[in-house]
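# Structural features, examined
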Amino acid sequence: MAEAAHIPDEAETRARWGAFAFTDENLAKAKTIIARYPDGRQRSAVMPLLDLAQRQVGAETQTQGWLPVPVIEYVAAMLDMPYIRAYEVASFYTMYNLAPVGRYHVQVCGTTPCLLRGSDDVMAACANKGLVKGKTTPDGLFTLTEVECMGNCANAPMVQINDDNFEDLDYDRTIGILEALAAGESPKAGTQIPGRHTSEPEGGPTTLKQMVDANHDYRGEW
Amino acid sequence: MPKLTVDGIEVEVPQGATVLQACEAAGKEIPRFCYHERLSIAGNCRMCLVEVKPGPPKPQASCALPAMDNQEVRTNSEMVKKAREGVMEFLLINHPLDCPICDQGGECDLQDQSVAYGRGGSRYDENKRAVTEKYMGPIIKTVMTRCIHCTRCVRFAEEVAGTEQIGAIGRGENMQITSYLEKAVSSELSGNVIDLCPVGALTSRPYAYEARPWELKKTLGIDVMDAVGTNIRFDSRGREVLRVLPRVNDDVNEEWAHDKTRYAVDGLMRRRLDKPYVRRDGKLVPASWAEAFQAIADVQAGSSVAAVAGDLLDCETMFAARELLAKMGSTLIEGRQTGLKYDVSSLAAVNFNTTLNGIETADAILLVGTNPRWEAPLVNTRIRKAIKHGAKVYGIGAEIDLTYKVEWLGNDMSLLASLPEAVAEAFKGAKRPAIILGGGALAVEGAHGAALALAETFNLVRDTEDGPWNGFNVLHMAASRMGGLMLGWAQPGGMADLVAARPKLLFALGADEVDFSKFDGSFKVFVGHHGDKGAAAADVILPSAAYPEKNGTYVNIEGRVQMSDKAVFAPGDAREDWSILRALSEVLGHKLPFDSFAECRAAMIAAVPALGFEGLASYDWSPPKLAASPSGEVGYPIKDFYLTNAIARASATMQRCSAELLHGEEMLEAAE
C-alpha cells in the first residue's frame, strides 16, 4: 500500500527481536493449533501462528503488535517452511502488521457503502484527533490505517479498533470513542446508535412486519 | 486417451494432458506467459484462453483445463481473439514502454505476443505502476516494473532449484516478486530464471547492455565446466563469446544450465595466453612459435616424456597428444591431475551407468562422498526429481545442504562395507536402487571396491519390467574424464607413476591442478589457454584454444559422446590444440599423420570407434574385483563451486559470485 510504513531496519529488528520465542502459554496454544492439521501439513497453521506471534509481540510492547522479520522466521522455522513462504503470507494479509503500530490500531473502512454513509467524517474526526494515515501518533496510542470492506456494510460507516468493531459512526461518535480510548476507558463495541442492537434495520423492521411477534403465513397475499 | 477436436482437427492426447497441449498437438500456437512445460501449472496470466465446448460460455484458460473426450476447442474464434486482446491490454497496463532500453528486446515473449495477439494501440492514459528494483545477486539484474507476475521464477526456485528464496509479497496491485529480504539468491541454478522470465524483469547482469540478440552468431556447443556435458549455445559477436545459453536436451540437461556454464565465459577475455613464452633466466619471456618449438626440441627428451591432460580438454587434443607420445616412445599419459588412481580396467565401473535421465526413476539412492550440488548441479536436480517421485536418499560424508532431504549415515567410509540395517533393507526392497560414488570417495583407498561389492550384494545391475537397470554410478567432475579414459589417459598408479618415471619432458595440456613441484627435474611444456597455475610453472608456454574456440568431441559422465562447434577464433597467436601438437611433432621429428582437424578426428575415430557416434557409448559391465575395506573420513573435492577451473577463475562474474555468495559472511566480518 502506498501509505504503508516501510519495513523497519533489519539490523535493528534483529537485535531487538532475534531472541523471540513463544511464551509457555503461547507455545501450548501453538502446539494445539499445529495438531489440528494432518502430519506433514503443519504449514497450514502458519496464519493462526503468525497471529499468535503478533499478539505476543503486542503484549511485550504494550501495543497492538506487529511481526518483525525474526518473529516471522521463528514461526516459519517452527513449521519447517521456507522463510519466504511465511513472509508472503504475512505481507498478503493486511491484518498482519509489518511495521510497529500503536496501542490502538484504528482501521477505518473506506469502501463504497461506508463512503456513502459518511466515512469521510470518520476520517476527518481521526485527522482532527491528530491521527495521520499510516502513522502512529507521537504518544504511541493510535495508528491510523484506511482499509477495504470489513463486512459491516449494514452498520456503515465503521471502524475496527484492535479486535472490536465500532459501527454506525459519525463525526462526534468517532471523537467520543477516540477520547474514551485515550482516557483509558473501554467504550462499548458494536453499533453506536442508542437502542440498536446489531445490524437490524434502524427504527424497526421495514419488511415482514407481521412476523415480529408471531409466525405469519404470507402466502395468501402473493 | 481423450479424443477431441481443435479448430476441427481431431487429436488424441495422453490421459492427463491439458487442452493447451492438445492444441499444440494439433499444431495450433497458444500464447502463454505463466505456463512452462517443466514447471507446475499456475494459470495466472490468462493469455492462453480458448473457447471450449461443452463448458461455460466464456473463454477458459487452456493450460489448466484437462483435455477430455469430445471436447470442441476453438482457438481462432472471435471470442478467443477478443479475449487475448483483452488480456494483453491488461498485462500492458502496468508494463513500461521501455523496450528500446530493455535487454529482453528482440527475444521477449511479451513483445512478440503483443505484436501477434494484441490490439495494436493503447487506450490507457492513467499513471503506470512502478516497482523498486530488487537485488537478487550478482547474476540476476532486476527491473521489477516490467514484471507481469507470471511466477515462473518463483516456481522454478521452489520446484527445480530447491532454494525457496524467491516469492511474491503483497497482494493485488501491490504484489511484487522479490527474493527473501532482497538478498542474493544462493542457487547454482539461479541463471535459469533469466531464461524463464517472459519479459525483461529478470535479465542477465553480466550481459546487461552488451548486445541485441539479432547481432549474435549462434553456435552449438558442449559445456566443459562440469562433466555433465550440458548442451549449450554460444552467442558470439566478432571474436567474443558474449553469453552462453542452454539448449534443450531431455537426456542431458533438460533445458537448464548452471551459473558457471552460463557466466564463466567472460573469463575467456581475461588472463589469456595469446603468444608463446619461453623461460629464460627464470623468467617467462614472449617468443615466436619457432623459438618455443626449438626450445622443446633442444631438450632431447627421447622417449623420456609424459603428458598430463587438463579437465577441459576435448578428445581430439588428447588423441593427438597420445599419438605424439606414442611416436616418441612413451605411454605415460594421465588425466587425473590431482593424483586419483582408481581402477579403470572396466570403464563401466567408472561410468554413470544409470544415465542422467534414469537417475530420476531410482527409488533408493546412496550418495558416497559426493556433493552433487557442486559437482554436477544438473544431476542434483535429477535426484530432487527422484525424491519427488518417492525415492529415499542416503549419504555418506559430511552433512551438507543438497536442497532435499538426505539421511546422512555419517562421515566414515567404513560404513560402505557395513551399511546400517535399515539402509540395507531399503536397498534390498528397492526396485531401482542406485549408488553414486563421488570424486571424494574415489580418493579413499578401497572405496571403489567396496561400492562395487555393494553393487553385487544389492544386485544393482538387473533387468526390470522397463528394461535393464544399472544402478552403479561414478560422478566425475572433469569434462575430459570419460573421453580421456576411453583414450587411455590413465596409469595404474595415477600421477605417481609419472612422477616416478622422472620424465625429461612433461606436457601439461591445460592441466592446472597438477602439483608441479614434484616435476622439478622435468622440462615443462604448458599447452593451454589461461595464465593459471600450469602456465606459472611452465618452461615453455604454447597458447591454445579454449572450448568455444575449437571443434571438439566430449564424453560426459554417462558416456555420451557429443560434439561441439567452434564459435570464435582464439586470441592473438593462440592456435587450436591439435594443430599445435601437429606442428610440434614435425619439429621433434615424429610427424603426426594428419593435416586438418577432420583428418585428426577421423584418425581418432579409427582408433576408438565409439567416439565416432554421437550418443551413449556402451561399456560392458564386467566390474573388476578390488580391495574393499575403506576407512576414514571422506572430503568433498570442490571447495569453491564458482572457481573450479582456469576459465572460471579468470571470470570476473565467477569471482564476484564466489566472493558474495560463498564468502559473503567472511567479507562482512572482515569489514567490521
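Calculation notes
Residues numbered from 1 in each chain as written. Chains lettered and ligands numbered in written order. Predicted model: local features only at pLDDT ≥ 70, side-chain atom pairs only at ≥ 80, totals over all residues. Helix = DSSP H or I, 4+ residues; strand = E, 2+ residues; numbered from the N terminus. Contact = placed C-beta atoms within 7 Å. Pairing = 2+ DSSP bridges. Domains from an automatic or database assignment. Axes fitted to C-alpha atoms, helices over the stretch in contact; angles between N-to-C directions. UniProt positions renumbered as here; feature names shortened; annotations may be inferred. Buried ≥ 20, exposed ≤ 12 C-beta atoms within 10 Å, placed from the backbone. Parallel < 35°, antiparallel > 145°, perpendicular 65-115°, else oblique. Left-handed = near helix turned anticlockwise from the far one by under 90°. Nonpolar A, V, L, I, M, F, W, Y, C, P; charged D, E, K, R; others polar. Core = buried A, V, L, I, M, F, W, Y, C linked by C-beta atoms within 7 Å. pLDDT = per-residue confidence, 0-100.

### Overview of the overall build of chain A
Of regular secondary structure, chain A possesses eight helices and five strands. Put simply, chain A runs from its N terminus to its C terminus through helices and strands in the order α-α-α-α-α-β-α-α-β-β-β-α-β. A separation threshold of at least 6 residues defines the contact pool for chain A, and within that pool the share at least 24 residues apart is 62%.

### Here's the deal with the pairing of strand β2 (residues 9-12) of chain B
Two faces, one strand: in a regular strand the side chains alternate between the faces of the sheet. Residues and elements named next belong to chain B. Summarising the sheet, strand β1 (residues 3-6) and β2 pair through four bridges and their orientation is antiparallel. From the neighbouring strand, Val6 faces β2, where its bridge partner is Ile9. Where β1 hands over to β2, the hairpin turn is made up of two residues, of which Asp7 adopts a positive phi near 50°.

### Points about the domain arrangement of chain B
Looking at chain B, the domain boundaries give domain 1 (3-92), domain 2 (109-269) and domain 3 (353-474). Using only C-alpha atoms to locate each centre, domain 1 of chain B and domain 3 of chain B end up separated by 41 Å.

### Examining the sheet that holds strand β26 (residues 540-543) of chain B
All names here are of chain B. The mixed open sheet is built from seven strands, whose spatial order is β14-β13-β26-β25-β24-β15-β16. Either end of the sheet is taken by a strand with one partner, and the two such strands are β14 (283-286) and β16 (332-334). The sheet shows a mean angle of 20° between the axes of neighbouring strands, direction not considered. Across two bridges, the pairing between strand β13 (residues 277-280) and β26 is antiparallel. Looking at the pairing, Tyr277 lines up with Ile541 of β26. The sheet contacts of helix α7 (residues 289-297) involve β13, β25 (523-528) and β26, and relative to β26 the element is tilted by about 135°. This element, helix α8 (residues 315-328), spans β15 (305-309), β16 and β24 (505-509) of the sheet and lies at about 170° to β15.

### Observations regarding the UniProt feature "domain: 4Fe-4S His(Cys)3-ligated-type" (unreviewed entry) in chain B
Per the UniProt record, "domain: 4Fe-4S His(Cys)3-ligated-type" (unreviewed entry) is annotated on residues 79-118 of chain B. Secondary structure across residues 79-118 of chain B comprises 60% helix and 0% strand; the distance between its end C-alpha atoms is 14 Å.

### Regarding the UniProt feature "binding site: [2Fe-2S] cluster" (unreviewed entry) in chain A
Residue and element names in this part refer to chain A. Listed under "binding site: [2Fe-2S] cluster" (unreviewed entry) in the UniProt record, and renumbered for this structure, are Cys109, Cys114, Cys149 and Cys153. With the annotated positions falling across 45 residues, the maximum pairwise C-alpha distance of 9.6 Å places them together in a single cluster. Looking at the secondary structure, you find Cys149 in the loop between β2 (142-147) and β3 (159-161). Tracing the backbone shows Cys153 in the loop between β2 and β3. When the 18 C-beta atoms within 10 Å are taken as the criterion, Cys153 is described as partly exposed.

### Notes on the environment of Met318(B)
All names here are of chain B. In this structure, Met318 sits in helix α8. Note on Met318: 28 C-beta atoms within 10 Å, which makes it buried. Along the chain, Met318 and Gly483 lie 165 residues apart, while their C-alpha atoms are 8.5 Å from each other.

### What to know about the packing of α8(B) against helix α17 (residues 577-587) of chain B
All names here are of chain B. In contact at an axis separation of 8 Å, α8 and α17 are set at 15° when each is read in the N-to-C sense. When the axis of α8 is compared with that of α17, the two are roughly parallel. Classified by chirality, the crossing of α17 by α8 is left-handed. Two secondary-structure elements touch here, α8 through Glu316, Thr317, Ala320, Ala321, Leu324 and Lys327 and α17 through Asp577, Trp578, Leu581, Arg582 and Ser585. Residues of the contact of α8 with α17, tallied by class, amount to five nonpolar, two polar and four charged.

### Remarks on the nonpolar core
With 226 residues, the main nonpolar core has Val75(A), Ile365(B), Val368(B), Ile435(B) and Val525(B) as its most contacted residues. Among the nonpolar cores identified, the runner-up in size contains 21 residues, and Tyr104(A), Val108(A), Cys114(A) and Ala125(A) belong to it.

### Focus: helix α4 (residues 69-78) of chain A
Residue and element names in this part refer to chain A. Of all ten residues that make up α4, seven are buried, and the element is covered over most of its length. Those residues of α4 lying buried are Val69, Val71, Ile72, Tyr74, Val75, Ala76 and Met78. The inward-facing, buried residues of α4 abut α1 (10-17), α3 (46-61) and α5 (83-92). Remark: Asp80 follows α4 within two positions and exhibits a positive phi of approximately 55°.

### What about the confidence of the model for chain B?
Per-residue confidence for chain B gives a mean pLDDT of 92; residues scoring 70 or more make up 99%. Here the prediction assigns the complex a pTM of 0.91, and the interface score ipTM is 0.86.

### Quick look at the interface of chain A and chain B
The partner chain B presents eleven residues to the eleven residues of chain A that form the contact. Here the side of chain A that touches chain B is composed, by residue class, of seven nonpolar, one polar and three charged.

### A look at the domain arrangement of chain A
Each assigned domain of chain A is listed here: domain 1 (10-92) and domain 2 (104-191). Its C-alpha centre places domain 1 of chain A at a distance of 28 Å from the equivalent point of domain 2 of chain A.

### Thoughts on the pairing of strand β3 (residues 49-53) of chain B
Residues and elements named next belong to chain B. Taken across its five residues, β3 has four buried, putting it largely inside the fold. As paired elements, β3 and strand β4 (residues 60-61) share two bridges and run antiparallel to each other. Its bridge partner lying in β4, Val50 is registered against Gln60. Connecting the antiparallel pair β3 and β4 is a turn made up of six residues, with Gly55 showing a positive phi of about 160°.

### Re unusual backbone geometry
Pro157(A) follows Ala156(A) through a cis peptide bond whose omega is -10°. Tracing the chain through its elements places Pro157(A) in the loop between β2 and β3. The residue after Lys53(B), namely Pro54(B), is reached through a cis peptide bond having omega -5°. Along the chain, Pro54(B) falls in the loop between β3 and β4. Positive phi outside glycine occurs at Thr151(B), with the angle close to 65°. Tracing the chain through its elements places Thr151(B) in the loop between β6 (140-142) and α4 (152-161). The phi torsion at Thr403(B) lies on the positive side, around 75°, for a residue other than glycine. Here Thr403(B) is to be found in the loop between β18 (392-396) and β19 (407-410).

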